[in-house]
Amino acid sequence: MENQMFCYQCQETAGCSGCTRVGVCGKQPDVAAMQDLLVYVTKGISAVTTTLRQEGVEIQPAVNHMITLNLFTTITNANFSKEAIIARIQETLSEKDLLLSKLTNIDALPEAALWNGSENEFAAKAATVGILSTENEDIRSLRELITYGLKGLSAYSKHANVLLQDNEEIDAFMQRALAATLDDSLSADDLIALTLETGKYGVDGMALLDNANTSTYGNPEITKVNIGVGTRPGILVSGHDLRDLEMLLKQTQVWMYTLILKCFQHTIIPLSKNIQTLSATMEMHGGNKKRNLKASTVRFS
């Protein structure tokens, strides 16, 4: 049976090999296809920005942010809106055309950097540029490993960007590495070296986000919280979305259940004085596991 989709970026993928009919996460084939195309055009614009940098042209922060957000949009469970993903594809293609006009020579660019189709061509194009379009399994695996590493880096960068923190070196590397996954001349050894470099920049990305968080909210302190279940509606805030949590705490008066990595006592908790209890569960990689923490209640005066 012909695959309706192919996605294996999460640890829960079907049969530990890949989701081919519908995602275990619930992602539908048409959404998976548009995510594949969004990654493809993001690699294409990254090839353009990388070439522009080589020619001494400065890339504007808005372009860096767009590329970061594109990757972040495709991480597991981040965005299943086909319409939103199509809008990002269209925005990326439009911006890429503007950047192409600044290049003195486009002859060496890959096909992804030059392609610009209309929306009625998106589905057909997506079918040709997915994960399995790379035939050599070793090269495919290394390209995907790099791409998933860059998606993780994009998450750190995106959350730092929200707090007005940028790192041009990280942005330039992310785009250079994305462009490299289009380069058929690179060997497995070349891609292994790039994989290790991606890990190095992943650490730099964590440092960027840590600085953004601590400079905005202060240093984290161990805080006892209630991890029990309440009786009122709650809002789940996941990952590193401390800015989102801050805005929610300012705007709402509900029982808040949060899935966060850090709890910042001096800024986040004072904002919570209108909330009866701030509850937290700790994220653990590899499944839906809860860390056993001693339950207690945070009370606000």
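### A word on the nonpolar core
Ranked by size, the top nonpolar core spans 36 residues in total, and within it Val-48, Leu-150, Leu-153 and Phe-173 carry the most contacts. Mapped by element, the contributors of at least two residues to this core are α1 (29-54), α2 (61-73), α3 (82-100), α6 (137-162), α7 (168-180) and α8 (188-217). Here Leu-153 is in contact with Ile-170, Phe-173, Met-174, Tyr-201, Gly-202 and Gly-205, once residues within four sequence places are set aside. Core analysis: the second largest hydrophobic core is formed by 15 residues, Leu-37, Leu-38, Leu-93 and Trp-115 among them.

### Brief notes about the confidence of the model for the protein chain
Low pLDDT means the predicted coordinates in that region are not meant to be read closely. Across the protein chain, the average pLDDT comes to 83, with 81% of residues at 70 or higher. Mean pLDDT values over the elements of the protein chain span from 41, in strand β3 (residues 278-281), up to 98, in α7. Across residues 254-267 the pLDDT falls below 50, and counting only partners more than four positions away or on other chains, this stretch makes 73 contacts in the model. Throughout residues 272-301 the model reports pLDDT below 50, and contacts reaching past four residues in sequence, or to other chains, amount to 68 contacts.

### Describing the environment of Gln-90
One can find Gln-90 in helix α3. The contacts of Gln-90, once residues within four sequence positions are left out, are Glu-119 and Phe-122. Among the polar contacts listed, one links the side chain of Gln-90 to the side chain of Glu-119, at a separation of 3.2 Å.

### Observations regarding the side chain of Thr-181
Looking at the secondary structure, you find Thr-181 in the loop between α7 and α8. For Thr-181, a relative accessible area of 3% translates into the label buried. If we ignore the near neighbours within four places in the chain, the residues touching Thr-181 are Lys-43, Arg-143, Ile-146 and Thr-147.

### Concerning the pattern of salt bridges
Here the structure, examined in full by the defined rule, presents 8 salt bridges. Its salt-bridge partner being Glu-91, residue Arg-88 comes within 3.8 Å of it at the nearest N-O pair. Separated by 3 residues within a single helix, Arg-88 and Glu-91 lie in helix α3, roughly one turn from each other. On the basis of relative accessible area, Arg-88 is assigned to the buried category, the value being 14%. Since its relative accessible area comes to 40%, Glu-91 is described here as partly exposed. With a shortest N-O distance of 2.7 Å, Arg-143 and Asp-184 are connected by a salt bridge. Pair noted here: Arg-143 is in helix α6 and Asp-184 is in the loop between α7 and α8, with a separation of 41 residues, a long-range link. Arg-143 sits in the buried class, given a relative accessible area of 9%. A residue is classified by how much of its surface remains accessible, and Asp-184, at 66% relative accessible area, is exposed.

Rules used throughout
Residues numbered from 1 in each chain as written. Predicted model: local features only at pLDDT ≥ 70, side-chain atom pairs only at ≥ 80, totals over all residues. Heavy atoms only, no water. Core = buried A, V, L, I, M, F, W, Y, C linked by side-chain atoms within 4.5 Å. Buried < 20%, exposed > 50% of the residue type's maximum accessible area, 1.4 Å probe, protein only. Helix = DSSP H or I, 4+ residues; strand = E, 2+ residues; numbered from the N terminus. Contact = heavy atoms within 4.5 Å. pLDDT = per-residue confidence, 0-100. Polar contact = N/O pair within 3.5 Å; in protein donor to acceptor, adjacent residues only side chain to side chain. Salt bridge = Lys/Arg side-chain N within 4 Å of Asp/Glu carboxyl O.

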